Amino acid sequence: MLHASYEIWGVVVIVLLIGFWILKRGLARKSPEQGNGSNSALFNSSSRDHDIEHRALMFLMAQKTDSLLAALARTLEQERQKLGGVVRKPSMTDAIDALQAEANPASTHHHSSYDQILPMAHDGIAVANIARQLQLPEAEVSLVMRLNAA
C-alpha cells in the first residue's frame with residue numbers, strides 16, 4: 001500500500017508539474033502578446049502624434065510656399081510697372097517682322113553710304129574725309145576699301 005501511494009503521489013506531482021509548466025507556458029505566450037498590445041497602443045499613439053506633427057509641418061511649408069509665391073508675384077508686377085507696360089512674350093513672327101522693320105531703314109541708309117565710299121575713294125578723297133562726310137567710322141571706311149581691293 002505504501003508502494004501504491006508513492007506511485008499515486010508521483011503521478012499527481014508529475015501531473016501538477018506538467019499543469020504548472022503548461023500554465024506558465026500559456027502565460028508566457030500571453031504576456032508578450034499583451035506587451036505587444038500595449039506596445040502597439042503606444043505605437044499607435046506615437047504614430048498619431050507623428051501624423052499630427054507631419055500635417056503641421058506640411059501646413060507650415062504650404063504657408064511658406066504661398067507667401068514666397070505671393071512675394072515673387074509682387075516683385076514681378078513691380079518690375080513690369082518699371083518697364084512701363086505689360087510685358088508679353090511676342091510670337092516668333094511678330095519678332096521677325098519687328099526685326100525686319102528695324103533693319104530695312106538702317107540698311108538702306110548704310111548701303112547708300114557704303115555705295116558712296118568706293119566712288120569717293122576712286123576720286124582720291126582721303127579715308128578721314130570720306131568717313132567725316134558719310135558720318136561713318138574711319139575703320140569701316142578703310143575696311144570697305146580693303147575688301148574691294150581684295
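Residues numbered from 1 in each chain as written. Predicted model: local features only at pLDDT ≥ 70, side-chain atom pairs only at ≥ 80, totals over all residues. Heavy atoms only, no water.

1. Details of the nonpolar core
Nonpolar side chains in soluble globular proteins tend to be buried together. Listed in full, the eight residues of the largest apolar core are Ile 117, Met 120, Ile 130, Ala 131, Leu 134, Leu 136, Val 141 and Val 144. When residues of this core are traced back to their parent elements, those giving at least two are helix H2 (92-122), helix H3 (127-134) and helix H4 (138-149). The biggest single contributor to this core is H3, with three residues. Setting aside chain neighbours within four positions, we find Ile 117 in contact with Ile 130, Leu 134, Leu 136, Val 141, Val 144 and Met 145. (Core = buried A, V, L, I, M, F, W, Y, C linked by side-chain atoms within 4.5 Å. Buried < 20%, exposed > 50% of the residue type's maximum accessible area, 1.4 Å probe, protein only. Helix = DSSP H or I, 4+ residues; strand = E, 2+ residues; numbered from the N terminus. Contact = heavy atoms within 4.5 Å.)

2. Notes on the environment of Met 145
As for its placement among the helices and strands, Met 145 is situated in helix H4. It is 9.7 Å that separates the C-alpha atoms of Met 145 and Tyr 114, two residues lying 31 residues apart in sequence.

3. So, the pattern of salt bridges
For the coordinates displayed, the defined rule picks out one salt bridge. Residues Arg 55 and Asp 51 are paired through a salt bridge, measuring 3.4 Å at the closest nitrogen-oxygen approach. In this pair, Arg 55 and Asp 51 are both assigned in helix H1 (residues 2-83), four residues apart and thus about one turn of the helix distant. Given the relative accessible area of 34%, Asp 51 is considered partly exposed. (Salt bridge = Lys/Arg side-chain N within 4 Å of Asp/Glu carboxyl O.)

4. Description of H3
Listing the buried residues of H3 in full gives Ile 130, Ala 131 and Leu 134. Projection of H3 onto a plane perpendicular to its axis shows the buried side chains occupying an angular sector of 95°, all on one side. Note on H3: the residue one or two positions beyond its end, Gln 135, has a positive phi of about 55°. (Arc of directions from axis to C-beta.)

5. Structural notes on a nonpolar patch on the surface
A surface patch of nonpolar side chains, about 760 Å² in accessible area, is lined by Ile 8, Trp 9, Val 12, Leu 16, Phe 20, Leu 23 and Leu 27. Looking at the element boundaries, Leu 16 is found in helix H1. Look at Leu 16 and you get partly exposed, because its relative accessible area is 48%. (Patch = residues over 30% accessible without salt bridge, like charges linked within 9 Å, V, L, I, M, F, W, Y side chains within 5 Å. Areas by Shrake-Rupley, 256 points an atom, 1.4 Å probe, with all protein chains shown as cover.)

6. Brief notes about the confidence of the model for the chain
A low pLDDT means the predicted coordinates there should not be read in detail. Per-residue pLDDT for the chain has a mean of 77; in total, 74% of the residues score no lower than 70. Looking across the chain, the model is least confident in H2, with a mean pLDDT of 73, and most confident in H3, with 92. (pLDDT = per-residue confidence, 0-100.)

7. Focus: H4
Here H4 contains 12 residues, and its C-alpha end-to-end distance of 17 Å stays within 8% of the 16 Å for a straight helix at 1.5 Å per residue. Those residues of H4 not exposed but buried are Val 141, Ser 142 and Val 144. The buried residues of H4 occupy one face: seen down the axis, they fall within an arc of 155°. Summarising the geometry of H4, the exposed residues directed more than 90 degrees from the buried face are Ala 139, Arg 146 and Leu 147. (Expected span 1.5 Å × (residues − 1).)

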